[in-house]
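A look at the structure
Residues per chain are reported as follows:
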Amino acid sequence: MTDLMLLRAIRHNSWANLEMLAFCSKMSASQLEWTASGVYGTIHATLQHILTAEAGYLHSLTGGELPPGGRPPETLMPLDRLADLARSNAERIEKVLANETDPDRKITRPSGAIVPGTIIVTQYIHHGSDHRAHIGTILGAHSVEGPNLDAWAFGRAIGVSTAALR
Amino acid sequence: MDFLQRQMRHSVWANERLLAFCRTLADAQLELTLPGTYGTVLGTLTHIVSSEEGYLVRLLGAKLHDIPFRATDRATLDDIASHIDHVKAGVDRLFGSGSPDPERVISDTPLRPPGAPQFEMAAWPPATQFVYHGTDHRSQIATILSANGLEPPDLQIWPYAMELGASRQVK
């Protein structure tokens, strides 16, 4: 499953999580409780949801492994602990991809559904983008410009994507 | 199937599903928006699909059709549906001769307006952006709909996989 395009997409997701966490770490506790109509919840709760969901997808992909420190609590974790979880998710998903010999291996999810591993990895990426968009909307609704998390910004951050020729 | 191809096909499916949902809305509902989002439901859907065409043109090195589809175009849902068909065909072309090389350098796009800066890039940024961008903006549309008391369609990978028969519930 170590597909270079997939690896780039996974690294973009991991980078976007950490960028959003870094941005939010500069916000006050009351700002982290901001929300808006139609989104998942508060900024803080959404960050936790993104990262614990990733840990859940990893649990399925690894046959039951938990992140360092065990199952994440349901109560809100401080942002520095969420950043630890983000870094651990990032490392673990890359290991999963590097060691996967059968991307279409069937996996039983906690819901009872049986899905190929690639579907879980696709959802892993989709889910983070979906919920980071919620946080972007909450910030925008409060007249705060959030971080640019698109693939162009990621490319610039790692110094490989674009170069203006003229 | 190539992982990127699966992601892009999911994106096309999500656009089609969202467009089908939008067909059930009144014209005034298509103009709903919220602070913090890109714009109206209709404008955002136009932006998603026109951008996807742009990413594909860069990746393919060829236009999908003569007159570019722009986010500023005043498109109807039928217009958007026809451009989703172009995107679908473009995705099929992209994978027609195997998986694209993520590190292949693309030096320009046929859609660059005269005088606009020319950017050189590897193939993976526009490919990654294709997938990210659609999810980001469809999420905004879902937020607008939810905030206005409308239940948006579920566009996650799970229902897509169920439709394809790649996921099944065990009794």
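Residues numbered from 1 in each chain as written. Chains lettered and ligands numbered in written order. Predicted model: local features only at pLDDT ≥ 70, side-chain atom pairs only at ≥ 80, totals over all residues. Heavy atoms only, no water.

Before going further, it helps to examine the overall build of chain B. A count of helical and extended segments in chain B gives six helices and three strands. At 17 Å, chain B has a C-alpha radius of gyration in line with the 16 Å of a compact globule built from 171 residues. In terms of its C-alpha atoms, chain B occupies a principal-axis envelope of roughly 50 × 45 × 25 Å. Looking at chain B as a whole, 55% of its 171 residues are labelled buried. Restricting the contact set of chain B to residue pairs at least 6 apart, pairs at least 24 apart contribute 72%. When the accessible surface of chain B is summed, it comes to about 7300 Å², and 52% of that surface belongs to carbon and sulfur atoms. (Helix = DSSP H or I, 4+ residues; strand = E, 2+ residues; numbered from the N terminus. Rg over C-alpha atoms; globule rule 2.2 N^0.38 Å. Buried < 20%, exposed > 50% of the residue type's maximum accessible area, 1.4 Å probe, protein only. Contact = heavy atoms within 4.5 Å. Areas by Shrake-Rupley, 256 points an atom, 1.4 Å probe, with all protein chains shown as cover.)

Below, the discussion takes up the environment of A:Leu66. Residue and element names in this part refer to chain A. By the element assignment, Leu66 lies in the loop between helix H3 (43–61) and helix H4 (79–99). Look at Leu66 and you get partly exposed, because its relative accessible area is 39%. Here the alpha-carbon distance between Leu66 and Ala55, two residues 11 residues apart in the chain, equals 7.3 Å. Among residues more than four places away in sequence, those in contact with Leu66 are His59, Arg71 and Arg92.

A full pass over the atoms with the stated rule returns six aromatic pairs over all chains. Taken together, a centroid distance of 5.4 Å and an interplanar angle of 50 degrees make the contact between A:Trp15 and A:Phe154 tilted. With A:Trp15 in helix H1 (residues 4–24) and A:Phe154 in helix H6 (residues 151–158), this pair connects stretches of sequence that are 139 residues apart. A:Phe154 matches A:Trp15 in its accessibility class, with the two residues each being buried. Aromatic side chains A:Phe154 and B:Trp124 sit 5.6 Å apart centroid to centroid with 65 degrees between the ring planes, which places their arrangement in the edge-to-face category. Here A:Phe154, found in helix H6, pairs with B:Trp124, found in helix H5 (residues 124–147), and the two come from separate chains. Linked through ring pairs, A:Trp15, A:Phe154 and B:Trp124 together constitute an aromatic cluster. (Phe/Tyr/Trp six-rings, centres within 6.5 Å; stacked < 30°, edge-to-face > 60°.)

Our next topic: the pattern of salt bridges. All names here are of chain B. By the definition in use, this model includes 11 salt bridges over all chains. For Asp92, the salt bridge goes to Arg9, with nearest N and O atoms at 3.4 Å. In this pair, Asp92 is assigned in helix H4 (residues 77–94) and Arg9 in helix H1 (residues 3–22), connecting sequence segments 83 residues apart. Note on Asp92: relative accessible area 40%, which makes it partly exposed. Residue Glu16 is joined to Lys88 by a salt bridge in which the shortest nitrogen-to-oxygen separation is 2.9 Å. Here Glu16 is found in helix H1, whereas its partner Lys88 is found in helix H4, with 72 residues between them in sequence. (Salt bridge = Lys/Arg side-chain N within 4 Å of Asp/Glu carboxyl O.)

Residues and elements named next belong to chain A. The end-to-end C-alpha distance of H4, which contains 21 residues, comes to 30 Å, matching closely the 30 Å that a straight helix rising 1.5 Å per residue would cover. Every buried residue of H4 is accounted for by Leu79, Leu82, Ala83, Leu85, Ala86, Ser88, Asn89, Ala90, Arg92, Ile93, Val96 and Leu97. Where H4 is buried, its residues meet H1, helix H2 (29–32), H3 and helix H5 (117–141). (Expected span 1.5 Å × (residues − 1).)

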